[in-house]
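# Coordinates in review
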Amino acid sequence: MSNKSGSRTSRRDFIKTTGTGALTAGLGPFFLPLERAQVVSEAALLELKKQLRGDLLRPGDGGYNTARSVWNAMVDRRPAALIVRCAGAADVISSVNFARTNSVPVSVRGGGHNVAGSAVCDDGIMLDLSRMKSIRVDPVSRTARAEPGVLCGEFDGETQAFGLATTGGACSETGIVGVSLGGGFGWLMRKYGLALDNLMSVDVVSADGQLRKTSSTENAELFFGVRGAHSNFGVATSLEYRLYRVGPTVLAGVALHPLEKAREALKFYCEYNSKAPDEMSAWASLLTSPDGHPMLAVLACYIGSSEAGEKVVQPLREFGPPVADTIQPMPYVKFQTMFDGGVPRGRYNYWKANLLREFNDDAIDRLVEGFKSVTSPYSSVLIAHLEGAVSRVRKDETTFSHRTSPYNIVIWPMWTDPVESERHIKWADELWKAMQPFSSGGVYVNDLGNEGEERVKAAYGINYERLVALKNKYDPTNLFRFNQNIRPTVRKSS
Ligand SMILES: Cc1cc2nc3c(=O)[nH]c(=O)nc-3n(C[C@H](O)[C@H](O)[C@H](O)COP(=O)(O)OP(=O)(O)OC[C@H]3O[C@@H](n4cnc5c(N)ncnc54)[C@H](O)[C@@H]3O)c2cc1C
């Protein structure tokens, strides 16, 4: 192999001499450290660059480091080939065609919030869609169409301008695309279903470079798969949602109990939830308060009429009583930002999660006991109550098969010093193991870290084989492998 000056180089030298920041000094070929190593020609890169409305970034370029950094500081990957900051669907099509032609696998970034950091790859191309931010709300048909760079808070802001909303994540900085194409838990789910239940259509660019509209009537099988399998079948370029009348004011806030009362408070919480109307969502969190006290927080959001609401929240105000109760009428958009401060970008995070079969007294005892040995003041355990509309969808109707699980639990260590990683992870793993007798065996795909194929199967449950068939059809070479990967069985990955 020879470099531009014609001298002989090894493959490693080749990376060093022509593969770094080549775009700043003119395009240069690059070498990818893949199983079947590739050299992508200068001409191919120039051709791609000409086609793009967005930016093409190489290591060393301004913006490259910002584009590759995601919410979880544990993730520090460097797309060796390039990052394409797509400006629209045409850029996605060009990039996918480029990737396929050159056998370079693709990762896709939306909001960059996924704990596994699957939006970013080392050996491949990253398509960064975070600048694709258009949202169009149609208040008459109560629908919204949004691009995949939109964040939950941005989506809420647009839809709430019309008094409308749909289920989305409980943190304003999470991307709508990852939330919806993984499932979508939020304060509206017990009344209106998961985010993916409310997707009406999704435009997808598959590995063959074709953009397909998918809906219940067009490419219906692909529509089934896309709603839950993230980028496994391609890149979503537009998402259409069903909206509902919500707020703009809801009755929401937090009731806090000291850890010593957490057992009885959680038992009351489960009892309360078993009778709560679908308009009420109450989640719970074991956490440490900013002044250092371990607590149980009950996070509540009631989206029904304000008259009925006071009666519904009354038991939450009375039990204990809580040492603090902030439940009050507030704008839905405000409640949707309330927890942002506790989950800032740039901290080290690790999640270990499961759907529960039951959250009985033994499970509560074990969880509270386990939280007593928490290793970081930023760590928490999040308990989300499902049921309601979530449970009224058949298990095989969407990729999310865990319709009968009453609770989802995420053990969530968070810390600031990477030197400490091992002990925080150990705490989570041990508590997760202790909770296994109560697990349904299922896991929410958006909660998965890099945990291997068995856990991906656990995420899709009875729907897994159907998704493998779709993968075989739409991505047989596994071009889209940086995700909770559904491995094709027809051909070996390229
Ligand atoms: C602080 C915090 C709060 C959260 N709260 C909630 C919550 O309330 N409810 C909930 O359900 N989840 C929640 N989550 C989990 C969240 O749903 C997932 O992390 C989700 O994957 C994030 O989506 P994103 O677009 O931000 O992520 P990204 O990291 O950008 O992407 C996530 C996955 O989606 C794929 N993807 C991205 N863009 C596309 C595209 N255009 N087409 C196809 N695939 C694509 C990526 O390849 C990746 O595998 C939370 C996460 C965090 C960190």
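This structure is a prediction, so every number in the text was calculated from the model and none was measured.

### Let's talk about the overall build of the chain
A tally of regular secondary structure across the chain gives 15 helices and 23 strands. Here the chain has a C-alpha radius of gyration of 23 Å; the compact-globule value for 494 residues is 23 Å, and the two agree. Projected onto its principal axes, the C-alpha positions of the chain cover 80 × 55 × 40 Å. For the chain, the proportion of its 494 residues judged to be buried stands at 59%. Taking contacts inside the chain between residues at least 6 apart in sequence as the whole, the part at least 24 apart equals 71%. When the accessible surface of the chain is split by element, carbon and sulfur atoms take 51% of a total near 19300 Å². Placing the 57 positive and 53 negative side-chain charges of the chain at their respective mean positions leaves the two points 5 Å apart.

### Regarding the sheet that holds strand β4 (residues 82-85)
Strands sit in the order β3-β4-β6-β5 across an open sheet of four strands; the sheet is mixed. A single partner strand is all that each edge strand has here, and the edge strands are β3 (55-57) and β5 (106-109). Across this sheet, the average inter-strand angle for adjacent strands is 20 degrees, counted without regard to direction. Here β3 pairs with β4 via three bridges, running antiparallel. The residue of β4 that forms the bridge with Leu-57 is Ile-83. The strands touched by helix α4 (residues 89-101) are β4, β5 and β6 (125-128); relative to β6, the strand with the most contacts, the crossing angle is about 170 degrees.

### So, the packing of aromatic side chains
Per the stated rule, a full pass over the model turns up 18 aromatic pairs. Relative to Phe-400, the ring of Phe-185 has its centre 5.8 Å away and its plane inclined at 90 degrees; by these criteria the two rings are edge-to-face. In this pair, Phe-185 is assigned in the loop between α6 (176-180) and α7 (189-192) and Phe-400 in the loop between β21 (380-385) and β22 (407-412), connecting sequence segments 215 residues apart. As far as burial versus exposure is concerned, Phe-185 and Phe-400 are alike and both buried. The ring of Phe-223 has Arg-227 sitting right over it, with the charged end atom 3.8 Å from the ring centre.

### Things to note about the sheet that holds strand β12 (residues 235-242)
Strand order in the open sheet formed by five strands is β7-β8-β12-β10-β11, and the pairing between neighbours is antiparallel. The sheet is open, and its two edges are formed by β7 (135-138) and β11 (211-215), each paired on a single side. The mean angle between the axes of side-by-side strands here comes to 15 degrees, regardless of whether they run parallel or antiparallel. Examined bridge by bridge, strand β10 (residues 199-205) and β12 share six bridges and lie antiparallel to one another. Paired with Ser-201 across the two strands is Glu-240, which belongs to β12. Packed onto the sheet, helix α5 (residues 152-160) meets β7, β8 (143-146) and β12 and runs at close to 30 degrees relative to β7.

### Looking at the nonpolar core
Residues Phe-155, Ile-176, Val-202, Phe-233, Leu-239, Tyr-460 and Ile-486 are the most contacted members of the largest nonpolar core, which totals 48 residues. Take this core: its biggest share by element is five residues, from helix α15 (residues 464-474). One finds Ala-265, Tyr-269, Ala-276 and Leu-431 within the second-largest nonpolar core, a separate group that totals 41 residues.

### Some points on the state of the cysteines
According to the stated counting rule, one finds zero disulfides in the structure shown. For the unlinked cysteine Cys-121, the closest cysteine sulfur is that of Cys-86, found at 13 Å. Sulfur of Cys-171: no disulfide; nearest cysteine sulfur belongs to Cys-152 and is 7.7 Å away.

### Considerations on the site of the ligand
Inspection of the region around the ligand gives 35 residues, with Gly-110, Gly-112, Ala-170, Phe-185 and Tyr-444 positioned closest. Contact between the ligand and Asn-114: an oxygen atom at 2.9 Å from a side-chain N or O atom of the residue. In this structure, an oxygen atom belonging to the ligand sits 2.8 Å away from a side-chain N or O atom of Ser-118. Every element with two or more residues in the shell around the ligand is listed here: β5, α6 and β12. Looking at the shell around the ligand element by element, the count peaks at three residues for α6. Tallied by class, the residues present in the shell around the ligand amount to 18 nonpolar, 16 polar and one charged.

### Quick word on the pattern of salt bridges
This model, assessed by the stated rule, comprises 30 salt bridges. Here Arg-212 ties to Asp-208 by a salt bridge, and the two come within 2.8 Å at their closest N and O atoms. Given a relative accessible area of 34%, Asp-208 falls into the partly exposed group.

### Considering the packing of helix α9 (residues 262-275) against helix α12 (residues 361-371)
Here α9 crosses α12 at 140 degrees, and the two axes come no closer than 10 Å. Taken together, the axes of α9 and α12 are oblique relative to one another. Between α9 and α12 lies a crossing of right-handed hand. Along the contact surface, α9 presents Ala-262, Arg-263, Leu-266, Lys-267 and Cys-270, while α12 presents Asp-361, Ile-364, Asp-365, Val-368 and Glu-369. Looking at the contact of α9 with α12, its residues break down into five nonpolar, no polar and five charged.

### Thoughts on the environment of Gly-54
The residue Gly-54 is located in the loop between α2 (42-51) and β3 in this model. Separated by 77 residues in sequence, Gly-54 and Arg-131 place their C-alpha atoms 9.1 Å apart.

### Quick notes on the confidence of the model for the chain
In this model, the chain carries an average pLDDT of 92, and 91% of its residues clear a pLDDT of 70 or more. Within the model, the stretch residues 33-37 combines pLDDT values under 50 with twelve contacts to residues more than four positions away or in other chains.

What counts, and at which threshold
Residues numbered from 1 in each chain as written. Predicted model: local features only at pLDDT ≥ 70, side-chain atom pairs only at ≥ 80, totals over all residues. Heavy atoms only, no water. Helix = DSSP H or I, 4+ residues; strand = E, 2+ residues; numbered from the N terminus. Rg over C-alpha atoms; globule rule 2.2 N^0.38 Å. Buried < 20%, exposed > 50% of the residue type's maximum accessible area, 1.4 Å probe, protein only. Contact = heavy atoms within 4.5 Å. Areas by Shrake-Rupley, 256 points an atom, 1.4 Å probe, with all protein chains shown as cover. Lys, Arg positive; Asp, Glu negative; His and termini not counted. Charge placed at Lys NZ, Arg CZ, Asp CG, Glu CD. Pairing = 2+ DSSP bridges. Axes fitted to C-alpha atoms, helices over the stretch in contact; angles between N-to-C directions. Phe/Tyr/Trp six-rings, centres within 6.5 Å; stacked < 30°, edge-to-face > 60°. Lys NZ or Arg CZ within 6 Å of the ring centre and 35° of its normal. Core = buried A, V, L, I, M, F, W, Y, C linked by side-chain atoms within 4.5 Å. Disulfide = S-S within 2.5 Å. Near = heavy atom within 4 Å. Polar contact = N/O pair within 3.5 Å; in protein donor to acceptor, adjacent residues only side chain to side chain. Nonpolar A, V, L, I, M, F, W, Y, C, P; charged D, E, K, R; others polar. Salt bridge = Lys/Arg side-chain N within 4 Å of Asp/Glu carboxyl O. Parallel < 35°, antiparallel > 145°, perpendicular 65-115°, else oblique. Left-handed = near helix turned anticlockwise from the far one by under 90°. pLDDT = per-residue confidence, 0-100.

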